[in-house]
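Spelled out from the first residue to the last, the chains are:
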Amino acid sequence: ELEAAFLRLNQVQISADMDQKAEMALVLEHLKSAHPDGLPHKGNKTGIPSIDQYLRGFEDGSLNILAARPACGKTAFAIQTAINITKESGRKVLFYSLEMPYKEIACRMVALESGEDIGHYLATGECGSLGNITSGFDAIYKMGIHIEDRADANIMAMRNQIRRNHRPQGKSCG
């Protein structure tokens with residue numbers, strides 16, 4: 001009974017915050033504005049065509065949170081997206097990880113960029129091409145992807161850091 005009352009209270013507060021009819025009218029107008037080929041991409045692409053088809057890109061300056069069960073590919077997706085955004089737009093990306101340390105994220109970025117199995121290289125000292133790893137490292141270093149691995153970060157801290165790092169001279173955080 002207490003849970004039902006709490007849910008009713010939350011519904012009242014949500015409804016009071018915005019005029020639902022007015023918001024739905026805006027959604028309808030947005031849907032009507034579609035072009036014959038669909039709405040154009042609105043921002044930075046992930047580099048994965050099947051996902052870009054649905055997302056239509058990430059808007060500049062947006063805070064995008066990726067959450068899912070363990071071992072679903074969140075980090076791989078986020079790394080590929082960060083690299084693609086910097087390559088395609090030249091924009092800087094602020095990459096937050098609440099669980100994985102900086103070194104592991106950076107190594108995974110180098111692995112993706114170099115095409116080498118960094119885990120195997122670190123475990124055995126063997127790789128297909130040390131030159132590929134060096135080139136991958138150099139490319140990642142020059143991209144300007146800023147990695148934060150603070151487990152204590154919260155949404156407001158992330159938002160504030162995005163604002164501090166935003167550069168109005170045409171170079172913004174993607």
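Each remark here, short or long, concerns the structure printed above.
Residues numbered from 1 in each chain as written. Predicted model: local features only at pLDDT ≥ 70, side-chain atom pairs only at ≥ 80, totals over all residues. Heavy atoms only, no water.

1. Side note on the overall build of the chain
Working step 1: A tally of helices and strands in the chain yields eight helices and two strands.
Working step 2: Element order for the chain, N to C, with α for helix and β for strand: α-α-α-α-β-α-α-α-β-α.
Working step 3: For the chain, buried positions account for 22% of its 174 residues.
Working step 4: Taking the contacts inside the chain whose residues are at least 6 apart along the sequence as the reference set, 57% of them involve residues at least 24 apart.
Working step 5: With an accessible surface of roughly 12,300 Å², the chain has 55% of that area assigned to carbon and sulfur atoms. (Helix = DSSP H or I, 4+ residues; strand = E, 2+ residues; numbered from the N terminus. Buried < 20%, exposed > 50% of the residue type's maximum accessible area, 1.4 Å probe, protein only. Contact = heavy atoms within 4.5 Å. Areas by Shrake-Rupley, 256 points an atom, 1.4 Å probe, with all protein chains shown as cover.)

2. With respect to the packing of aromatic side chains
Working step 1: Applying the stated rule across the entire model yields one aromatic pair.
Working step 2: Look at Phe137 and Tyr141: their rings are 6.2 Å apart centre to centre, the planes differ by 15°, and that puts the pair in the stacked class. Of this pair, Phe137 and Tyr141 both sit in helix H7 (residues 130-143), separated by four residues, roughly a single helical turn.
Working step 3: By relative accessible area, Phe137 is classed as partly exposed at 47%. (Phe/Tyr/Trp six-rings, centres within 6.5 Å; stacked < 30°, edge-to-face > 60°.)

3. What to know about the pattern of salt bridges
Working step 1: Scanning the entire structure with this criterion turns up two salt bridges.
Working step 2: The residue Lys87 makes a salt bridge to Glu113 at a minimum N-O spacing of 3.0 Å. Linking Lys87 in helix H4 (residues 74-89) with Glu113 in helix H5 (residues 102-114), this pair joins segments that are 26 residues apart in sequence.
Working step 3: For Asp152, the salt bridge goes to Arg150, with nearest N and O atoms at 3.3 Å. (Salt bridge = Lys/Arg side-chain N within 4 Å of Asp/Glu carboxyl O.)

4. Overview of the nonpolar core
Working step 1: Ranked by internal contacts, the top residues of the largest apolar core, which has 19 residues, are Ile83, Phe95, Ile105, Met109, Ile145 and Ile147.
Working step 2: Those elements that provide at least two residues to this core are H4, strand E1 (93-96), H5, H7 and strand E2 (145-148).
Working step 3: Looking at this core, the element that brings in the most residues is H4, giving five residues.
Working step 4: Beyond its immediate stretch of four places on either side in the chain, Ile145 contacts Ala82, Ile83, Thr86, Val93, Phe95 and Met109.
Working step 5: Core analysis: the second largest hydrophobic core is formed by five residues, Tyr96, Ala153, Met158 and Ile162 among them. (Core = buried A, V, L, I, M, F, W, Y, C linked by side-chain atoms within 4.5 Å.)

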